[in-house]
Amino acid sequence: MRKTMRRICMNMMLCTLACATMSAQGIKEQPVEKAETRLLESVVPKELPNAESMVINRDDYYGQVIEGYYHFDCVVSKDLTRKAKFYIPHGTVYNQPTVFVMVPSGEDPYLFLVQSGWKAVSDKELLSIVLMEDDGNGWGEDDVSYINELNIDVSYRPFFCAFSSSFYGVAYGPDASSSLMKHGMLNPKSWAGIALVGTDGVAADLVRQAQSTDSRVPGIKQSEVEMPVWIVSESRSEAVGRLIDFYRAANHSMLIPEQVEFADELYRPRRGGTDDNQWCANVLYSEKDWKTCLDAQFAEDVYRKAFQGVYRYPGDANGALRRNDDIFVRGFEKFEEKVPGGMKADGSDLYTREWYVYVGKRVDRTKAAPLVFVFHGAGGSGNEIADRSGWAQVADDRGLIIVMPTGSHIRKVREVSNIRTNELFRAMWNVSGATEERPSDLLFVRYLYQWMCEHYLIDQNKVYASGQSSGGMMSWACARDLGDIFVAVAPISANGTLTAVPVPDEDDPKVAIIGFIGELDTTFKGGFGGEAAHETIDYWTRRNGCVHGWDAYTYMDGGKNCTCKSDLFTNYVYENAQGVPMVRAVEVATKTHAIWPSECYVAWDECFSHFTKDKVSGKLFFDGKEVQ
């Protein structure tokens with residue numbers, strides 16, 4: 001009976017909102033019955049498009065294909081498929097945050113999307129929303145598998161480009177909160193933050209389980225992984241206090257809470273952490289009936305006060321929690337222009353390409369500054385790589401200008417995790433020539449270099465490149481094919497390009513190399529000991545005139561045969577006859593397929609800053625001395 005009354009109230013409220021909106025837009029108000037019918041018709045979920053039907057829009061090259069409210073089937077197991085819904089607001093772009101909302105049992109997902117305020121917040125902040133639905137029998141412990149599989153599915157970009165580093169979970173009601181709480185405690189890598197709205201707290205045995213079970217990183221317990229959390233309960237019971245204490249311990253929280261308007265208690269983290277893993281997770285507690293939280297103000301507070309700016313980037317196996325403010329508030333600028341793809345000689349194959357530029361805080365704008373190109377990985381984009389990588393921090397501290405372009409994509413059906421989608425939602429780098437449907441990214445980089453020199457005061461003797469994964473392969477390719485531009489490159493999480501390595505010519509420009517591979521990287525297994533790395537290192541040691549080649553060392557053996565070890569970095573240095581370190585390979589302990597800020601600092605401080613190139617003669621210099 002209460003559910004029925006609640007639905008009636010929700011419908012009446014939505015009708016009122018719809019009528020008010022029409023009136024504000026100058027649309028004649030209709031009778032309530034017709035408005036309600038029209039509203040109910042408008043919330044029938046649409047089916048996702050056919051993967052084969054996707055087309056490339058060169059004028060809106062990075063546009064999201066879907067917009068509105070969609071149905072999605074999540075395959076949990078061979079015999080079980082569960083339902084979910086997507087809401088993608090108008091005007092969203094690649095790699096925006098995604099909020100997973102657990103709908104209370106029995107509620108209509110769309111009506112709850114509106115009632116909870118998340119539709120309004122989504123439209124305002126351009127967030128993607130995933131609505132999780134129970135199986136018709138209420139939420140329970142068995143739903144942990146569903147939550148997990150849905151989280152994985154969305155990370156594979158099913159017709160929209162989601163950024164898994166900013167996945168957040170919100171559960172409403174005791175049962176849903178219990179399911180999300182358990183998933184978050186046992187699978188913390190899945191979330192950059194959670195909100196448990198209406199929780200009854202946590203049982204002592206679940207806490208003991210998390211405290212005694214290793215996380216994905218041996219030696220670190222599940223209870224020691226940071227997690228931003230907002231806890232809402234009717235009373236501060238023993239079980240609720242236990243939950244607050246659990247996350248206060250995980251998040252290195254201060255002992256005394258702050259008194260704030262939007263919550264009863266706010267526990268900020270103490271000072272600590274590293275550039276790679278920051279202490280940045282807040283614990284918030286509100287004592288209230290969860291049903292009073294069903295409004296846009298509370299949803300916006302959860303997003304802005306608990307989630308916004310906190311990301312769980314790839315790092316070690318638990319992910320790396322770091323805080324970064326809005327890039328445009330910090331001073332990033334976005335640019336778009338129609339750029340020739342390189343397939344047609346007359347340059348008429350134009351694509352609307354995008355890039356982001358950031359001028360470091362210490363740059364003297366009256367003097368020419370060094371420039372670093374930063375390339376994102378597959379599925380990434382220019383608006384996420386600088387903060388994720390740490391190059392924005394380096395730019396501030398070392399006085400650099402960085403440019404972060406977004407790669408190209410291909411129209412190709414992609415089947416992954418029981419999903420049939422398309423590579424159009426997974427921008428990456430084309431290190432080869434142009435095709436009928438794909439521009440040349442090497443040509444784009446050359447275009448962008450000229451554009452940067454025309455619009456910013458660039459020291460053309462100090463131009464460098466770095467990138468992760470697909471962006472790392474792009475860095476290798478820039479060194480190989482654009483040596484007239486680049487002085488040095490730092491490929492990360494990539495041990496070579498996807499194309500054949502050529503035979504070096506004595507006239508090829510020298511480009512200094514420093515590359516990084518994580519010892520736990522499953523995408524490039526074997527680190528620098530693999531065949532691709534063998535070919536790549538031999539090519540660069542020959543091209544750069546090094547005394548030794550790949551077989552001078554052994555790899556992935558704990559540093560038994562290396563140049564030196566420093567903390568987590570095992571270094572293999574290849575010098576020329578002058579003793580100049582022209583090629584340096586670095587294996588990073590505990591690191592997965594990721595990029596760390598500490599690597600970016602090493603790349604600049606120990607490689608890039610030492611090398612310059614005379615733009616006119618093409619001669620390379622190390623600490624001011626010509627490299628012979």
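Residues numbered from 1 in each chain as written. Predicted model: local features only at pLDDT ≥ 70, side-chain atom pairs only at ≥ 80, totals over all residues. Heavy atoms only, no water.

1. Brief notes about empty space enclosed by the protein
Okay, step 1: What the rule picks out here adds up to two cavities of 30 Å³ or more.
Okay, step 2: In this structure, the second largest cavity encloses a volume near 30 Å³.
Okay, step 3: Taken together, the elements giving at least two residues each to the lining of the second largest cavity come down to α6 (174-186) and α8 (238-250).
Okay, step 4: Ranked by residues supplied to the lining of the second largest cavity, first place goes to α8 with three residues. (1 Å grid on protein atoms, 1.4 Å probe; cavity = no way out; pocket = protein on both sides within 12 Å on 5 of 7 lines; lining within 4 Å. Points joined across faces, edges and corners; volume = space filled by probe spheres on them. Helix = DSSP H or I, 4+ residues; strand = E, 2+ residues; numbered from the N terminus.)

2. As for the layout of surface pockets
Okay, step 1: Approximately 1,100 Å³ is the volume found for the largest pocket.
Okay, step 2: Looking at the largest pocket, it is lined by 37 residues, and the ones nearest its centre are S155, S164, K189, P314 and H593.
Okay, step 3: Elements represented by at least two residues in the lining of the largest pocket include exactly α5 (143-155), β6 (162-172), β11 (310-313) and α11 (382-389).
Okay, step 4: In this model, the second largest pocket occupies a volume close to 560 Å³.
Okay, step 5: Taken together, 26 residues line the second largest pocket, and the ones lying closest to its centre are Q96, P97, Y311, D326 and I327.
Okay, step 6: Of all the secondary structure elements, the ones that give two or more residues to the lining of the second largest pocket are β4 (96-102), β6, β11, α10 (327-330) and α11.
Okay, step 7: Of the residues that constitute the lining of the second largest pocket, the class distribution is 12 nonpolar, eight polar and six charged. (Nonpolar A, V, L, I, M, F, W, Y, C, P; charged D, E, K, R; others polar.)

3. Structural notes on the nonpolar core
One broad trend across soluble globular proteins is that nonpolar side chains are buried collectively.
Okay, step 1: Ranked by internal contacts, the top residues of the largest apolar core, which has 96 residues, are F373, W391, I401, I402, F486 and F608.
Okay, step 2: Ranked by the residues each element gives to this core, the list is headed by helix α13 (residues 441-455), at eight residues.
Okay, step 3: For W391, the contacting residues outside a window of four places in its chain are V372, V374, A386, L400, I402, S466, C600, A603, W604 and F608. (Core = buried A, V, L, I, M, F, W, Y, C linked by side-chain atoms within 4.5 Å. Buried < 20%, exposed > 50% of the residue type's maximum accessible area, 1.4 Å probe, protein only. Contact = heavy atoms within 4.5 Å.)

4. Comments concerning a negative patch on the surface
Okay, step 1: On the surface, D175, D200, E234 and D289 cluster together into a negatively charged patch.
Okay, step 2: When you line up the elements, D289 lands in the loop between β10 (283-287) and α9 (296-307).
Okay, step 3: The class of D289 is partly exposed, set by a relative accessible area of 30%. (Patch = residues over 30% accessible without salt bridge, like charges linked within 9 Å, V, L, I, M, F, W, Y side chains within 5 Å. Areas by Shrake-Rupley, 256 points an atom, 1.4 Å probe, with all protein chains shown as cover. Salt bridge = Lys/Arg side-chain N within 4 Å of Asp/Glu carboxyl O. Lys, Arg positive; Asp, Glu negative; His and termini not counted. Charge placed at Lys NZ, Arg CZ, Asp CG, Glu CD.)

5. As for the packing of aromatic side chains
Okay, step 1: All chains considered together, the criterion is met by 38 aromatic pairs.
Okay, step 2: Aromatic pair F159 and F425: ring centres 5.8 Å apart, planes at 65°, arrangement edge-to-face. Residue F159 is located in the loop between α5 and β6, and its partner F425 is located in the loop between β18 (419-422) and α13; the two are separated by 266 residues in the primary sequence.
Okay, step 3: Take F159: its relative accessible area is 4%, and that puts it in the buried class.
Okay, step 4: Since its relative accessible area comes to 1%, F425 is described here as buried.
Okay, step 5: Taken together, a centroid distance of 5.9 Å and an interplanar angle of 10° make the contact between W391 and F608 stacked. Of the two residues, W391 sits in helix α12 (residues 391-398) while F608 sits in the loop between α16 (597-606) and β25 (611-613), which places them 217 residues apart along the sequence. For the pair shown, W391 and F608 are each scored as buried.
Okay, step 6: The structure contains a cluster of three or more aromatic residues connected by ring pairs, namely F335, W355, F444, Y447, W451 and Y456.
Okay, step 7: Lying over the aromatic face of Y146, R82 brings its terminal NZ or CZ to 4.0 Å of the ring centre. (Phe/Tyr/Trp six-rings, centres within 6.5 Å; stacked < 30°, edge-to-face > 60°. Lys NZ or Arg CZ within 6 Å of the ring centre and 35° of its normal.)

6. Describing the pattern of salt bridges
Okay, step 1: By the definition in use, this model includes 27 salt bridges.
Okay, step 2: Here E238 makes a salt bridge to R242, at a shortest N to O gap of 3.2 Å. Taken as a pair, E238 and R242 lie in helix α8 at a separation of four residues, close to a single helical turn.
Okay, step 3: Its salt-bridge partner being R330, residue D396 comes within 4.0 Å of it at the nearest N-O pair.

7. Some points on the pairing of strand β23 (residues 569-575)
Okay, step 1: Burial analysis of β23 places six of its seven residues in the buried class, the great majority of the element.
Okay, step 2: Sheet topology places strand β22 (residues 564-566) next to β23; three bridges connect them, and they run antiparallel. Within the sheet, the bridge partner assigned to C564 lies in β23 and is N571.
Okay, step 3: Hairpin connection from β22 to β23: two residues lie between these consecutive antiparallel strands, with D567 at a positive phi of about 55°.
Okay, step 4: The hairpin turn running from β23 into strand β24 (residues 581-588), its antiparallel successor, is five residues long, and G579 in that turn takes a positive phi close to 85°. (Pairing = 2+ DSSP bridges.)

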